[in-house]
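Next come the chains, spelled out residue by residue.
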Amino acid sequence: MIRIAVAEDNLFLAKAIKEKLELFEDLKLKFIAENGAELIEMLEKDLNVDVILMDIQMPVMDGIKATEIIHAKHPQIKIVMLTVFNDEESVYNAISAGANGYLLKDTEPEILFAGLKEVLNGGATMNPSIALKTLNLLRNPKKEKIEVETKKEESLTKRELEILEQVSRGLNYKQTAANLMISPSTVRKHIENVYKKLNVHNKVEAIQKGIKNNLI
């Protein structure tokens, strides 16, 4: 029996992952966390987990940071990123944080199941497109690392700057949405774009970089 924990803040996607896992008798879903911080709290209460399926973009604490913390504290637990992000930066950050595998959310159930068994046997599971990106990183580690770390930051739009300023004041998504007369989901989408453009992984890093670059 392979015991699974999932970190996924989208309820619809979490349900889809649960349904995939339920197709196999050898898999047991222990719990689903809505963000990295909640996952770590759950693990403190129950470490009886073999593999974690980890999303990347989540509120409070993203999957990269959570992977880094869990890998350092509980190296016996395997971590497989299950995400929609297939860019080289995300792959690089996930592997650097200690991920044992990297699969896309549209991965077929049978491939997901095989991947879970593979990481438990000491391997690393990846979609072919992700494996190619990883191979490129291995072939040119210094070049790729420099490109990732010094990636030119795109300019934030007026709306993104407004939202970053609101967030820096300690306002949550609902409060920011009310102030700017937009929906919370729109706020979240803009925040995701801010993270990508500033090359950061969470709200704190975004605010710090915003201040440093005189954006807020």
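To keep things clear, this report deals only with the structure shown in the data block. Here the residue numbering is sequential within each chain, running from 1 through the sequence in written order. Under the rules for a predicted model, residues below a pLDDT of 70 receive no local features and side-chain atom pairs below 80 are neither given nor counted, while totals for whole chains, interfaces and linings still include all residues. With hydrogens and water stripped out, all remaining heavy atoms of the structure feed into the side-chain values.

Looking at the overall build of the chain
Labels follow the DSSP assignment, with helices taken as runs of H or I lasting at least four residues and strands as runs of E lasting at least two, numbered in each case from the N terminus. From N to C terminus, the chain includes eleven helices and six strands. What you see for the chain is a C-alpha radius of gyration of 18 Å, in line with the 17 Å of a compact globule of 216 residues. C-alpha extents for the chain along the principal axes are approximately 50 × 40 × 30 Å. Expressed as a percentage of the 216 residues in the chain, the buried residues total 45%. Should any heavy atoms of two residues lie within 4.5 Å, those residues are counted as being in contact. Put simply, 63% of the contacts in the chain that link residues at least 6 apart link residues at least 24 apart. When charges are counted, Lys and Arg contribute as positive and Asp and Glu as negative, whereas His and the chain ends are disregarded. Charge coordinates come from a single atom per side chain, which is NZ of Lys, CZ of Arg, CG of Asp or CD of Glu. Considering the chain, the positive charge centre built from 30 side chains and the negative charge centre built from 32 side chains are found 3 Å apart. The reference for a compact globule is 2.2 Å times residues^0.38; the radius of gyration itself is calculated from the C-alpha atoms. When accessible area is computed with a 1.4 Å probe and restricted to protein chains, residues below 20% of their type maximum are described as buried, those above 50% as exposed, and intermediate ones as partly exposed.

Details of the nonpolar core
By convention a nonpolar core is built from buried Ala, Val, Leu, Ile, Met, Phe, Trp, Tyr and Cys residues, the set being connected through side-chain atoms within 4.5 Å. If you look at the biggest cluster of nonpolar residues, it comprises 29 residues, and the most contacted ones within it are Leu39, Leu43, Ile52, Met54, Ile70, Met81 and Tyr102. Leu43 has contacts with Phe31, Val49, Ile52, Ile70 and Ile77, leaving out every residue within four places of it along the chain. Judged by nonpolar contacts, the second largest core, of 16 residues, contains Ile17, Phe24, Leu53 and Leu112.

Quick word on the pairing of strand β4 (residues 78–83)
Counting buried residues along β4, five of its six residues qualify, which places the element largely inside the surrounding structure. Relative to β4, strand β3 (residues 51–54) runs parallel, the two sharing four bridges. Bridged to Ile52 within β4 is Ile79. Note on the crossover from β3 through helix α3 (residues 63–73) to β4: the handedness is right-handed. In this sheet, strand β5 (residues 101–104) lies alongside β4 in parallel orientation, the contact comprising four bridges. When the bridges of β5 are listed, Leu82 appears paired with Leu103. At least two bridges found by DSSP between two strands are what make those strands a pair. The definition of a right-handed crossover adopted here requires that, viewed with the strands pointing away, the path from the first strand over the helix to the second runs clockwise.

Structural notes on the packing of aromatic side chains
Stacked, tilted and edge-to-face are the three classes assigned to paired rings of Phe, Tyr and Trp, where Trp is represented by its six-membered ring and a pair needs centres within 6.5 Å; plane angles under 30 degrees give stacked, over 60 edge-to-face, the rest tilted. On inspection of all chains with the given rule, the structure shows one aromatic pair. Considering the side-chain rings of Phe24 and Phe113, the 4.4 Å spacing of their centres and the 15° angle between planes classify their relative orientation as stacked. Note that Phe24 is positioned in the loop between α1 (11–21) and β2 (27–33) and Phe113 in helix α5 (residues 109–120), a separation of 89 residues in sequence. Each member of the pair Phe24 and Phe113 is classed as buried.

Structural notes on the pairing of strand β1 (residues 2–7)
In terms of burial, β1 is largely enclosed, as five of its six residues are buried. Read from β1 through α1 to β2, the crossover connection turns out right-handed.

A short note on helix α8 (residues 158–168)
Every buried residue belonging to α8 is among Glu160, Ile163, Leu164, Gln166 and Val167, and all of these are buried. Buried residues in α8, looked at end-on, bunch into an arc of 160°, giving them a common side. Tucked into the core, α8 has its buried residues touching α9 (173–180), α10 (184–198) and α11 (203–212). Gly170 occupies a position one or two residues after α8 and carries a positive phi of about 90°. What the arc measures is the spread of directions leading from the helix axis to the C-beta atoms.

Some words on α5
The end-to-end C-alpha distance of α5, which contains twelve residues, comes to 17 Å, matching closely the 16 Å that a straight helix rising 1.5 Å per residue would cover. Within α5, the full set of buried residues consists of Pro109, Leu112, Phe113, Gly115, Leu116 and Val119. Each buried residue of α5 sits inside an arc of 160° when the element is viewed along its axis, so together they form one side. Positive backbone phi, at 95°, marks Gly122, one or two positions downstream of α5. The length a helix should cover is 1.5 Å for every residue beyond the first.

Regarding the environment of Ser185
By the element assignment, Ser185 lies in helix α10. As a C-alpha pair, Ser185 and Lys45 span 140 residues in sequence and 32 Å in three-dimensional space. Of note is the side chain of Ser185, whose polar atom sits 3.0 Å from the side chain of Ser183. Side-chain atoms alone can form a polar contact between residues adjacent in sequence; in general such a contact is a pair of N or O atoms within 3.5 Å, and within protein one must be able to donate a hydrogen while the other accepts it.

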